Amino acid sequence: MTIRVNRRAALGIGTVATAGTVLGAAAPASAAGRPRVATTPARAAAQVAASYARQTARAGGNWQSYVSVANGAAAPQVAVADEADRRIEAYSVNKIAVAVAVLDKVDRGLLTLAQRVDVTASIVIPGGDGIFSLDGAYPSSVTLGHALAALLTVSDDTAVRLCGLVCPAAELNQILVAKGFPNTQVQPVANPNRFYLGTSTPRETHDLLRALVGGTLLSASSTAFLLGLLRSPIAFTDGVRREISSAERARVATKAGWFDTARHEAGIVFDAAGAPVLTYALFADGQASADDFGATHPAVQARARMGRVFLTAVAGLAGAGPTHRAAAWRPSNGG
């Protein structure tokens, strides 16, 4: 099989061994499909890059991505930089940005997670993803915290509109620009409290996640709340988290986005102590099976295979920056 990856991705890798791998030169055994624990960030980045090149070639279509590995006190080791600055439709990956804007208002005392928002029949998006469209009884009301939980775990579409009630599109975009993310913007519509999820770039999505875990984006309490949702057992499991154990899933905060032919995913892998060790933004479209929104879609399968390699490659490395421990999870049988 010929490995397909553009020159920009190869040049972003940062090590001769990895660049040789993605350009088709002789590769170490671990790069040939057998994930192994890496001993250095550079070696982990090499494995990540080789897996990305292999799996994107297998899935086909178009890919725009940015992936890095923590490198101690130094700048992160770039593993993949593939069309990283291309502005594209981010779809539900941008629900992270929506939540950041809402939580910014919480941090400033303008909102609270305990305040209630009304769920009316007119605000519910029928037939979409999530739980609000399944209720079958309106009006009702939920807390803002509940709406954000639905937004980031089951990717609820109606929850986007509920967020718009407390953070209109123009204000949301202004918050993101002020935080340094001018390309991560929702798309306003005639109703100021509604919007399409808009655009981002792989690099900006990656950098937003890095700022989040670095503690520079939100307060400590809002950061913990947001990461707790993205790391929860009911957060997205068909992609990067699919081929890993439940304990490993707790070390991954992730958000996927899917619409039309696009199948995106972005997130963070934490080490055993809770420090971020790998950050990924994987955007894909144009693959076969456009009507398949399940785990069998080629791009989703590619991310699942990458996820196993990502987790194994960094398993022996220490992350960098503040630690974020996952909440304890205990299965329940009711009662």
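Please refer to the structure higher up on the page.
Here the structure is a predicted model, which is why all the values come from computation and not from measurement.

### Concerning the side chain of Ser222
Here is step 1 of the chain: Relative to the helices and strands, Ser222 resides in helix α9 (residues 220-230).
Here is step 2 of the chain: The residues contacting Ser222, other than those within four sequence positions of it, are Leu103 and Asp107.

### A look at helix α8 (residues 202-214)
Here is step 1 of the chain: The first and last C-alpha atoms of α8 sit 18 Å apart over 13 residues, in line with the 18 Å expected at 1.5 Å per residue.
Here is step 2 of the chain: Taken together, the buried positions of α8 are occupied by Pro202, Glu204, Thr205, His206, Leu208, Leu209, Ala211, Leu212 and Val213.
Here is step 3 of the chain: Gly215 occupies a position one or two residues after α8 and carries a positive phi of about 85°.

### A closer look at helix α6 (residues 157-166)
Here is step 1 of the chain: The element α6 is extensively covered by neighbouring structure, given that eight of its 10 residues are classed as buried.
Here is step 2 of the chain: Listing the buried residues of α6 in full gives Asp157, Thr158, Ala159, Val160, Leu162, Cys163, Gly164 and Val166.
Here is step 3 of the chain: Residues of α6 that are buried in the fold lie against α4 (95-107), β4 (116-119), β5 (140-143), α5 (144-152), α7 (169-178) and β7 (195-200).
Here is step 4 of the chain: Two or three places before Thr158, at the start of α6, stands the capping residue Asp156, its side-chain oxygen 2.8 Å from that residue's backbone nitrogen.

### Quick notes on the packing of aromatic side chains
Here is step 1 of the chain: Scanning all chains against the criterion turns up four aromatic pairs.
Here is step 2 of the chain: With centroids separated by 5.3 Å and ring planes inclined at 40°, the aromatic side chains of Tyr91 and Phe259 adopt a geometry described as tilted. Here Tyr91 is found in the loop between β3 (88-89) and α4, whereas its partner Phe259 is found in strand β8 (residues 252-259), with 168 residues between them in sequence.
Here is step 3 of the chain: Its guanidinium or amino end placed over the ring of Phe270, Arg231 lies 4.1 Å from that ring's centre, counting from NZ or CZ.
Here is step 4 of the chain: Between the NZ or CZ atom of Arg263 and the centre of the ring of Phe293, over which it lies, the distance is 4.0 Å.

### What about the pairing of β7?
Here is step 1 of the chain: With five of six residues buried, β7 lies mostly within the body of the structure.
Here is step 2 of the chain: Pairing geometry for β3 and β7, over two bridges, is antiparallel. The residue of β7 that forms the bridge with Ile88 is Ser200.
Here is step 3 of the chain: Bridge count between strand β6 (residues 185-188) and β7: three bridges; the pairing is antiparallel.

### A closer look at the packing of α4 against α9
Helix-helix packing: each pair is described by the crossing angle between the helix axes and the interaxial distance.
Here is step 1 of the chain: Across the interface, α4 lies against α9 with an axial gap of 10 Å and an inter-helix angle of 150°. With respect to their mutual orientation, α4 and α9 come out roughly antiparallel. Between α4 and α9 lies a crossing of right-handed hand. Along the contact surface, α4 presents Ile96, Ala99, Val100, Leu103 and Asp107, while α9 presents Ser222, Phe225, Leu226 and Leu230.
Here is step 2 of the chain: Counted by class, the contact of α4 with α9 contains seven nonpolar, one polar and one charged residues.

### Considering the pattern of salt bridges
Here is step 1 of the chain: For the structure shown, the criterion picks out eight salt bridges.
Here is step 2 of the chain: In this structure, the salt-bridge partner of Asp104 is Arg108, at a minimum N-O distance of 2.8 Å.
Here is step 3 of the chain: On the basis of relative accessible area, Asp104 is assigned to the buried category, the value being 12%.
Here is step 4 of the chain: A residue is classified by how much of its surface remains accessible, and Arg108, at 46% relative accessible area, is partly exposed.
Here is step 5 of the chain: A salt bridge links Lys105 to Glu171, with the shortest nitrogen-to-oxygen separation between them at 3.1 Å. Taken together, the residues Lys105 in helix α4 and Glu171 in helix α7 connect sequence positions 66 residues apart.
Here is step 6 of the chain: Judged by relative accessible area, which is 24%, Glu171 ranks as partly exposed.
Here is step 7 of the chain: Several salt bridges converge on common partners, so that one network encompasses Asp104, Arg108 and Lys179.

Each value, and the rule that gives it
Throughout, a residue's number is its position along its own chain's written sequence, starting from 1. Restriction of local features to residues with pLDDT of at least 70 applies here, the model being predicted, together with a cutoff of 80 or more for giving and counting side-chain atom pairs; totals for whole chains, interfaces and linings are based on all residues. Calculation of side-chain values draws on the structure's entire complement of heavy atoms; hydrogens and water are dropped beforehand. By definition, any uninterrupted DSSP run of H or I lasting at least four residues is a helix, any uninterrupted run of E lasting at least two residues is a strand, and each is numbered from the N terminus. Note on contacts: a residue pair qualifies if any of its non-hydrogen atoms lie within 4.5 Å across the two residues. The span one expects for a helix is its residue count, reduced by one, times 1.5 Å. Three exposure classes are used, based on accessible area relative to the maximum for each residue type with a 1.4 Å probe and protein chains only: buried under 20%, partly exposed in between, and exposed over 50%. Pairing of N or O atoms within 3.5 Å defines a polar contact, subject to two protein rules: one partner must be a possible hydrogen donor and the other a possible acceptor, and residues neighboring in sequence count only if both atoms are side-chain atoms. In summary, the pairing rule links any two rings of Phe, Tyr or Trp, Trp by its six-membered ring, whose centres are within 6.5 Å, and it sorts them by plane angle into stacked for under 30 degrees, edge-to-face for over 60 and tilted for everything else. Charge-over-ring placement is defined geometrically: NZ (Lys) or CZ (Arg) within 6 Å of the ring centre, and within 35 degrees of the ring normal. We treat two strands as partners when DSSP finds at least two bridges between them. Fitted lines through C-alpha atoms give the axes, limited to the stretch in contact for helices. The angle between two N-to-C directions lies from 0 to 180 degrees. Any angle that falls under 35 degrees is termed roughly parallel, while one over 145 is termed roughly antiparallel, one within 65 to 115 roughly perpendicular, and all others oblique. Should the near helix be turned counterclockwise from the far one by less than a right angle, the crossing is left-handed, whereas a clockwise turn marks it as right-handed. Ten residue types, Ala, Val, Leu, Ile, Met, Phe, Trp, Tyr, Cys and Pro, are classed as nonpolar, four, Asp, Glu, Lys and Arg, as charged, and the remainder, Gly among them, as polar. Any Lys or Arg side-chain nitrogen found within 4 Å of a carboxyl oxygen on Asp or Glu counts as a salt bridge.

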